[in-house]
Amino acid sequence: MTWIAAVARLRARRESGVLVTVATVRGHAPRDAGAKLVVGQGETWGSIGGGNVEAVAIDRAREMIEAGKAEPELMDFALNDKVTNQHGVQCCGGTVSVLLEPLPVVRAVAVFGIGHVGLELARILARQDLDLHLIDTRADMLTKERLDVLSDAVAQVHVHHTPLLPEEVLEELPRGTHILIMTHDHAEDAALCDAALRTTHLGSIGLIGSAAKWVRFRKRLSTEGGHDDATIDRIKTPIGLADITGKEPATIAVSVAGDLLRTFEAEGDC
């Protein structure tokens, strides 16, 4: 498997890893500069030459994965018999620098309701490196022609058409997914809010709408849903940056995206 395919596999599995690259070589070494190794928690793909260099790099990569380290590291190795090594002697005679680059699990965002605002929001979020889930009960909101504006997306876009119970998608979403609820139907929004509060593996939950809408929803979540105040407070509403007050779909989308990116900054690296 190529290193590119290995990185793609880790991303698809939503597993973190480390990309290890031979950065520089002076003198003799098992592999030339540019050789790559991908390290996952339990597997590796590729090779930077075996022996002590590779074994130490794998050990350090797994320490980085365990610690959730986000910054890259550079390790230097002298390949001679005078150096005390952890995993045996390598006496090729040269020196090697190895770059370790963390491959974190990307964030995930789910937008429920791909109407005018939802589509504009999807266009903005698609420019971010994340897993973007788009969910709607209306098939005409998710046609290929309508979503062609996302064809150059950086994000991995996942489309879910759920004609009856969109809240069932919540259980399928990756751990930590940030939820944005903005469907065309207040009853659907309310059902999604209730279901999201019962789904413990999610990240933040945001609801679009007015203060009056939230008063009704909050009462319903308490009386009919049986949720306590602390649980209900997991839902942020209104979403968006308070000092952006425009009502055009693109303006609202920019505001909501900015607010979400601020949430990302507040929580730090994944």
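Refer to the structure presented above.
In what follows, the accompanying structure is described. (Residues numbered from 1 in each chain as written. Predicted model: local features only at pLDDT ≥ 70, side-chain atom pairs only at ≥ 80, totals over all residues. Heavy atoms only, no water.)

With respect to the overall build of the protein chain
For the protein chain, the count of helices and strands is 8 helices and 11 strands. For 270 residues, the compact-globule formula gives about 18 Å, and the C-alpha radius of gyration of the protein chain, at 24 Å, lies well above that figure. Each principal axis of the C-alpha distribution contributes one length, and for the protein chain these read about 75 × 40 × 35 Å. For the protein chain, long-range pairs separated by at least 24 residues make up 65% of all intrachain contacts whose partners lie at least 6 apart in sequence. Carbon and sulfur atoms provide 52% of the accessible area of the protein chain, an area that totals close to 13900 Å². Both charge centroids of the protein chain, one from 28 positive and one from 38 negative side chains, sit 1 Å from each other. (Helix = DSSP H or I, 4+ residues; strand = E, 2+ residues; numbered from the N terminus. Rg over C-alpha atoms; globule rule 2.2 N^0.38 Å. Contact = heavy atoms within 4.5 Å. Areas by Shrake-Rupley, 256 points an atom, 1.4 Å probe, with all protein chains shown as cover. Lys, Arg positive; Asp, Glu negative; His and termini not counted. Charge placed at Lys NZ, Arg CZ, Asp CG, Glu CD.)

Quick word on the pairing of strand S2 (residues 36–40)
Among the 5 residues in S2, 4 count as buried, and that is most of the element. Of the strand pairs in this sheet, strand S1 (residues 17–26) and S2 are connected by 5 bridges, and their pairing is antiparallel. Paired with Leu19 across the two strands is Val38, which belongs to S2. Where S2 and strand S3 (residues 44–46) come together, 3 bridges link them in antiparallel fashion. Of the residues in S3, the one forming a bridge with Leu37 is Gly46. In this structure, the hairpin formed by S2 and S3 is closed by a connection of 3 residues. (Buried < 20%, exposed > 50% of the residue type's maximum accessible area, 1.4 Å probe, protein only. Pairing = 2+ DSSP bridges.)

Overview of the nonpolar core
Membership of the largest hydrophobic core comes to 24 residues, with the highest contact counts inside it found for Val109, Val111, Leu121, Leu125, Leu132, Leu180 and Met182. By size, the runner-up hydrophobic cluster in this structure holds 22 residues, among which are Leu197, Ile205, Trp214 and Ile235. (Core = buried A, V, L, I, M, F, W, Y, C linked by side-chain atoms within 4.5 Å.)

Observations concerning the environment of Ala211
You can see Ala211 is positioned in helix H6 (residues 211–223). By relative accessible area, which is 61% here, Ala211 ends up exposed.

Quick notes on the sheet that holds S2
The strand order across the open sheet built from 5 strands is S3-S2-S1-S5-S4, with neighbouring strands paired in antiparallel fashion. Where the open sheet ends on each side, the last strands, each with one partner, are S3 and strand S4 (73–78). Across the sheet, the axes of successive neighbouring strands diverge by a mean angle of 20°, strand direction being ignored. Of the strands in this sheet, S1, S2, S3 and strand S5 (95–103) touch helix H1 (residues 3–13), which is tilted by about 20° from S2. In the packing of helix H2 (residues 51–67) onto the sheet, contacts are made with S1, S2, S3, S4 and S5, and the angle to S2 comes to roughly 40°. (Axes fitted to C-alpha atoms, helices over the stretch in contact; angles between N-to-C directions.)

Focus on H2
The terminal C-alpha atoms of H2, which comprises 17 residues, lie 25 Å apart, in line with the 24 Å expected from a rise of 1.5 Å per residue. Within the span of H2, buried status applies to Asn52, Val53, Glu54, Val56, Ala57, Ile58, Ala61, Met64 and Ile65. In the segment just after H2, Gly68 is the residue with positive phi, at about 65°. (Expected span 1.5 Å × (residues − 1).)

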